[in-house]
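Okay, here's what each chain looks like letter by letter:
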Amino acid sequence: MTGNTDIDRVGIVGGGLMGAGIAEVCARAGSDVVVVESSEAVARTARERLGRSLTRAASKGKIDAVDAVMARIRVTTDLLELADRQLVIEAIVEDEGAKVELFRRLDEIVADPEAILASNTSSIPIMKLGVVTSRPQNVLGIHFFNPVPVLRLVELVPSLLTADDVTERARHFVQGPLDKRAIDSQDRAGFIVNALLIPFVLSAIRMLESGFATAEDIDRGLVLGAAHPQGPLALADLIGLDTTKAVAESLYEEFKEPLYAPPPLLARMVDAGLLGRKAGRGFHTYP
């Protein structure tokens, strides 16, 4: 494949915190963006989320005109509207079965044989997504970090079958128009950041679970004693406890090492719907 490195038409599947953030940075960079959601109600929420984020950016002087950026974003419930995209980024729930089925659909829908099909997965091996398509050479991971408009890091994760020039086209887009900084990871569960971060977060949960220290003291200790911007339990709340658990399970499935096993407390909190910031309550309570 030797296609043009310029990417102007981007599709995002999923308009949650991550998907909306990715859509925002792409639109702010000048791309025409289509966001696909599962229902009109969820699509409406995604539009409102984008509007709030762009308004905040404008209030801080980071963009000049909210309306101009919003005009480059279309939110729909129809996957078929992705047919003309040059890059489609999947940002749905961290569930392997759901992602695999979506990549099968995208392979059927996206018409351009040089289009890149990417996943924002935190942990699921890219190979599992690529091999269900007829073009695994076009599939890779483009993993952003939350909040996407603020954090500059992106992990690029090619599988064994990803073409080198596809990775380079993705790098050109990430480091050029999006003004992010890319690091390269092998296609192993968790990639670079989560493979290091999740065991640390799980260790903090186990410390809390054992009664060794309170959530407040665990987080305060890492902020004041190790200069972390926030403690590990507050970070888990920001990531989402359901996502934290899903990433841990993916890591444990691949490596079978105890440090990756989700602690029982984490599983119980997910079962109870105490998912962190997005639910108003996790290890801490939020307004």
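Residues numbered from 1 in each chain as written. Predicted model: local features only at pLDDT ≥ 70, side-chain atom pairs only at ≥ 80, totals over all residues. Heavy atoms only, no water.

### Quick look at helix α1 (residues 17-28)
Line of reasoning, step 1. An ideal rise of 1.5 Å per residue puts 16 Å on 12 residues; α1 measures up with 16 Å between its terminal C-alpha atoms.
Line of reasoning, step 2. For α1, the buried fraction is high: 9 of the 12 residues fall into the buried class.
Line of reasoning, step 3. By the burial criterion, the buried members of α1 are Gly19, Ala20, Gly21, Ile22, Ala23, Glu24, Val25, Cys26 and Ala27.
Line of reasoning, step 4. The positive-phi residue at the C-terminal boundary of α1 is Gly30, with phi of around 105°. (Helix = DSSP H or I, 4+ residues; strand = E, 2+ residues; numbered from the N terminus. Expected span 1.5 Å × (residues − 1). Buried < 20%, exposed > 50% of the residue type's maximum accessible area, 1.4 Å probe, protein only.)

### Describing the side chain of Arg169
Line of reasoning, step 1. Tracing the backbone through its elements, the reader meets Arg169 in helix α6 (residues 164-175).
Line of reasoning, step 2. Although Arg169 is buried, it forms no salt bridge, and the closest oppositely charged side chain is Glu114 at an N-O distance of 4.8 Å.
Line of reasoning, step 3. Within polar-contact distance, the side chain of Arg169 engages the backbone oxygen of Glu114 at 2.7 Å. (Lys, Arg positive; Asp, Glu negative; His and termini not counted. Salt bridge = Lys/Arg side-chain N within 4 Å of Asp/Glu carboxyl O. Polar contact = N/O pair within 3.5 Å; in protein donor to acceptor, adjacent residues only side chain to side chain.)

### With respect to the pattern of salt bridges
Line of reasoning, step 1. Under the definition given, this model contains 17 salt bridges.
Line of reasoning, step 2. With its nearest N and O atoms 2.3 Å apart, the salt bridge here joins Lys99 to Glu90. Each member of the pair, Lys99 as well as Glu90, carries the same accessibility label: buried.
Line of reasoning, step 3. A salt bridge links Glu168 to Arg171; its shortest N-O distance comes to 3.1 Å. Here Arg171 and Glu168 lie together in helix α6, a separation of 3 residues that amounts to about one turn.
Line of reasoning, step 4. Salt bridges here are not isolated pairs; linked through shared partners, they connect Asp32, Asp84 and Arg85.

### Re the sheet that holds strand β4 (residues 87-90)
Line of reasoning, step 1. Across the sheet, which stays open at both edges, the 8 strands sit in the order β3-β2-β1-β4-β5-β6-β7-β8 with mixed pairing between neighbours. The outermost strands of the open sheet, each flanked by one partner alone, are β3 (73-76) and β8 (181-184). Taking the axes of each pair of neighbouring strands and ignoring which way they run, one obtains an average angle of 25° across the sheet.
Line of reasoning, step 2. Relative to β3, strand β2 (residues 32-36) runs parallel, the two sharing 4 bridges. Residue pairing across strands places Val33 opposite Ile73, the latter belonging to β3. (Pairing = 2+ DSSP bridges. Axes fitted to C-alpha atoms, helices over the stretch in contact; angles between N-to-C directions.)

### A word on the nonpolar core
Line of reasoning, step 1. In terms of nonpolar packing, the biggest core is built from 38 residues, with Ile12, Ile22, Val33, Leu87, Ile142 and Phe144 touching the most fellow members.
Line of reasoning, step 2. Top contributing element to this core by residue count: α1, with 6 residues.
Line of reasoning, step 3. If we ignore the near neighbours within four places in the chain, the residues touching Ile22 are Ile12, Ile89, Ala91, Asn120, Phe144 and Val148.
Line of reasoning, step 4. One finds Ile205, Leu235, Ala236 and Leu241 within the second-largest nonpolar core, a separate group that totals 21 residues. (Core = buried A, V, L, I, M, F, W, Y, C linked by side-chain atoms within 4.5 Å. Contact = heavy atoms within 4.5 Å.)

### Section: the packing of helix α7 (residues 193-209) against helix α10 (residues 241-255)
Line of reasoning, step 1. Direction vectors running N to C along α7 and α10 enclose 115°, while the axes themselves pass 10 Å from each other. With respect to α10, the element α7 is oriented roughly perpendicular. For α7 against α10, the interelement crossing comes out left-handed. Judged by residue contacts, Asn194, Ala195, Ile198, Val201 and Leu202 of α7 engage Thr244, Val247, Ala248 and Leu251 from α10.
Line of reasoning, step 2. Here the contact of α7 with α10 is built from residues that sort into 7 nonpolar, 2 polar and no charged. (Parallel < 35°, antiparallel > 145°, perpendicular 65-115°, else oblique. Left-handed = near helix turned anticlockwise from the far one by under 90°. Nonpolar A, V, L, I, M, F, W, Y, C, P; charged D, E, K, R; others polar.)

### Section: a nonpolar patch on the surface
Line of reasoning, step 1. Side chains of Val131, Leu160 and Leu161 sit close together on the surface and give an oily, nonpolar patch of about 320 Å² of accessible area.
Line of reasoning, step 2. Structurally, Leu160 can be placed in the loop between β7 (153-158) and α6. (Patch = residues over 30% accessible without salt bridge, like charges linked within 9 Å, V, L, I, M, F, W, Y side chains within 5 Å. Areas by Shrake-Rupley, 256 points an atom, 1.4 Å probe, with all protein chains shown as cover.)

### What to know about the packing of α7 against helix α11 (residues 264-271)
Line of reasoning, step 1. Between α7 and α11, the least distance of the axes is 8 Å, while the angle of their chain directions is 90°. Classified by the angle their axes make, α7 and α11 are roughly perpendicular. In this structure, α7 uses Leu202, Ile205, Leu208 and Glu209 to contact α11, whose residues at the interface are Pro264, Leu265 and Leu266.
Line of reasoning, step 2. Of the residues contributing to the contact of α7 with α11, the split by class is 6 nonpolar, no polar and 1 charged.

### Structural notes on the pairing of strand β5 (residues 116-119)
Line of reasoning, step 1. Residues Ile116 and Ala118 line one face of β5 and the alternating positions Leu117 and Ser119 line the opposite face, and both faces are buried.
Line of reasoning, step 2. Bridge analysis of β4 against β5 gives 4 bridges, and the strand direction is parallel. Each bridged residue has a counterpart across the sheet, and for Glu90 the counterpart in β5 is Ser119.

### Looking at the pairing of strand β6 (residues 139-144)
Line of reasoning, step 1. Most of β6 is tucked away, with 6 of its 6 residues classed as buried.
Line of reasoning, step 2. Burial of the side chains of β6 extends over both faces: Val139, Gly141 and His143 are buried on one face and Leu140, Ile142 and Phe144 on the other.
Line of reasoning, step 3. By the bridge criterion, 3 bridges tie β5 to β6 in an arrangement that is parallel. Paired with Ser119 across the two strands is Gly141, which belongs to β6.
Line of reasoning, step 4. Pairing between β6 and β7: 5 bridges, direction antiparallel. In the strand pairing of β7, Leu140 is matched with Pro158.

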